[in-house]
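Take a look at the letters that make up each chain.
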Amino acid sequence: MTDRPSARATVALVADDFTELPDPERESAPDGPLGWPGYGAARARAARRTGERESVICGTAHVGGVRAVLIAFEFGFLGGSLGERTGDRLVAAYSHARAHRLPVVPLVATGGSRMQEGMLALTQLQRVARESALTRAAGLPQIAVVRDPTTGGGWATLGAGADVVLALPGAQVGFAGSRVRPADADAAAYTAEAQVAAGAADALVGPEELRGTLGRWLRLLTRPSTAPVPPPPPLGATDLPATGWEAVGRARSPRRPRAAAYLDACLTDRVTVSGDRCGGTDPEGMLCGFGEQGGRTVAYAAQTGTATRPAGYRTAARLVRLADRLGIPVLTLVDTPGAANDAEAERQGAGAAIADLFGAVAAARTPVTTLVVGEGGSGGALALAAPGNTWATPDSYFSVIAPELAAAILKRPPEEAESTADRLRVRPQDLAELGVIRGVVGTPPA
């Protein structure tokens, strides 16, 4: 990616009413804190070339109708590097955001820390990390846009450390910059596309879509609500199954409505949270994000009917924790035959990932509502279920284990799987009677 708009051009891409924050004053020697020969002259040339006094500009603006603090890096000023004065501006911007309850939007393009200021430059990352943590604790969202290039400490703090990471296509994004990575390194691994594929960024967004997409994210993440999400009505069968095996058959039917249909029916204006921030994604098994319902924001984590991968559980846990911090209610849809149990899933930490999701749901202060829309296969399904606020559709089941596997464990012939399903009491009405769920949607209460 060779086109590198300036900081102010990038701000103009997303907002029209940018008001710059006051520049914090700092006394420093002409050649900086280390007395680096020629550093002062280099800063002066950068200022003449860019029209800026530092590598970042900070201010407030409305994006999609939402007022936010914008932090835009000027790569033309010494490679957008972070020095002490940069740190001062960043601290002031985050402090202003907290004082005025505003979300923070870093528009990042940086090569990392400024060598001419040595360790004093590097320690600015600690200052930024603290400001980000304080802002997170205050319940304010941080949405980063990573531009070309975003490397080094800027990526490891303002970029990857944000709640949501949007990336410009073709941008160089990675901790190692082009001049310090191994000579034989695969350049494709250091791109925005690779970071999205690895679960370190949520989505690629083209420049022409950036204003609308960023505005949508800001609107959705700045509308807290204390009311729980009502369970969606059934989209499939409305009569109850007569037997346990019939319940299993209905839930496994390819004609049964899946998570995407339920999300389409109850949420509009959706945006997607993708990736576990640990190197993995599970787009086929877990859908996560935020959407609008009746003028308010709802977070969702939905299984799709396949075996859920460890990255899917970690992404769901990330979603629940983010919604909890922002005060946004959560809807989860359970539909999986169980957690993926292949050797690769074990190597990826399946048990730890499921435990993480159990913990996130259990600790959530924001209301969580769960609807079982298909198969509820053992602990891999239960991890996504809200204790005390789980519902089921008439074409679903929930079981400690699949009836076939239960029969095998009990050393019964395969033909006894049907009767085993009845003994396990997996029907939705059985679950309601046992107190496992609150009720079956679309049917009269028991």
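Sequence order sets the numbering: in each chain, residues are counted from 1 along the sequence as written. For a predicted model such as this one, the threshold for reporting local features is a pLDDT of at least 70, and the threshold for listing and counting side-chain atom pairs is 80 or more; totals across whole chains, interfaces and linings nevertheless cover every residue. Side-chain numbers here rest on the full set of heavy atoms in the structure, without hydrogens or water.

A few points about the nonpolar core
What we call a nonpolar core is a set of buried Ala, Val, Leu, Ile, Met, Phe, Trp, Tyr and Cys residues that are connected through their side-chain atoms within 4.5 Å. Buried means the residue's accessible area, taken with a 1.4 Å probe over protein chains only, is under 20% of the maximum for its type, while exposed means over 50%, and partly exposed covers the values in between. If you look at the biggest cluster of nonpolar residues, it comprises 60 residues, and the most contacted ones within it are Leu-214, Trp-217, Phe-290 and Leu-319. In this description a helix means any DSSP run of H or I spanning at least four residues, a strand means any run of E spanning at least two, and both kinds are numbered starting from the N terminus. For this core, the leading source of residues is helix α11 (residues 310-326), giving eight residues. Not counting chain neighbours up to four residues away, the residues in contact with Trp-217 comprise Ile-143, Val-164, Leu-166, Val-271, Thr-272, Val-273 and Phe-290. If you look at the next biggest cluster of nonpolar residues, it comprises 18 residues, including Val-69, Tyr-94, Ala-97 and Leu-102. Here a residue-residue contact requires only that any non-hydrogen atoms of the pair lie within 4.5 Å.

Things to note about the environment of Pro-233
Within the element layout of this structure, Pro-233 appears in the loop between α8 (207-221) and α9 (244-252). Linking Pro-233 and Leu-371, residues 138 residues apart in sequence, is a C-alpha distance of 9.4 Å.

Observations concerning the pairing of strand β3 (residues 66-73)
Counted residue by residue, β3 has seven buried out of eight residues, so it is predominantly covered. In this sheet, β3 lies alongside strand β2 (residues 56-63) in antiparallel orientation, the contact comprising eight bridges. Its bridge partner lying in β3, Val-56 is registered against Phe-73. Connecting β2 to the next strand, β3, in antiparallel fashion are two residues, including Gly-64 with a positive phi near 60 degrees. As paired strands, β3 and strand β4 (residues 104-110) are joined by four bridges and run parallel to one another. Following the sheet pairing, Ala-72 is matched in β4 by Leu-107. Throughout, right-handed denotes a crossover for which the path from the first strand over the helix to the second runs clockwise when the strands point away from the viewer. Handedness of the crossover joining β3 and β4 through helix α3 (residues 84-99): right-handed. Criterion used throughout: strands pair if DSSP finds at least two bridges between them.

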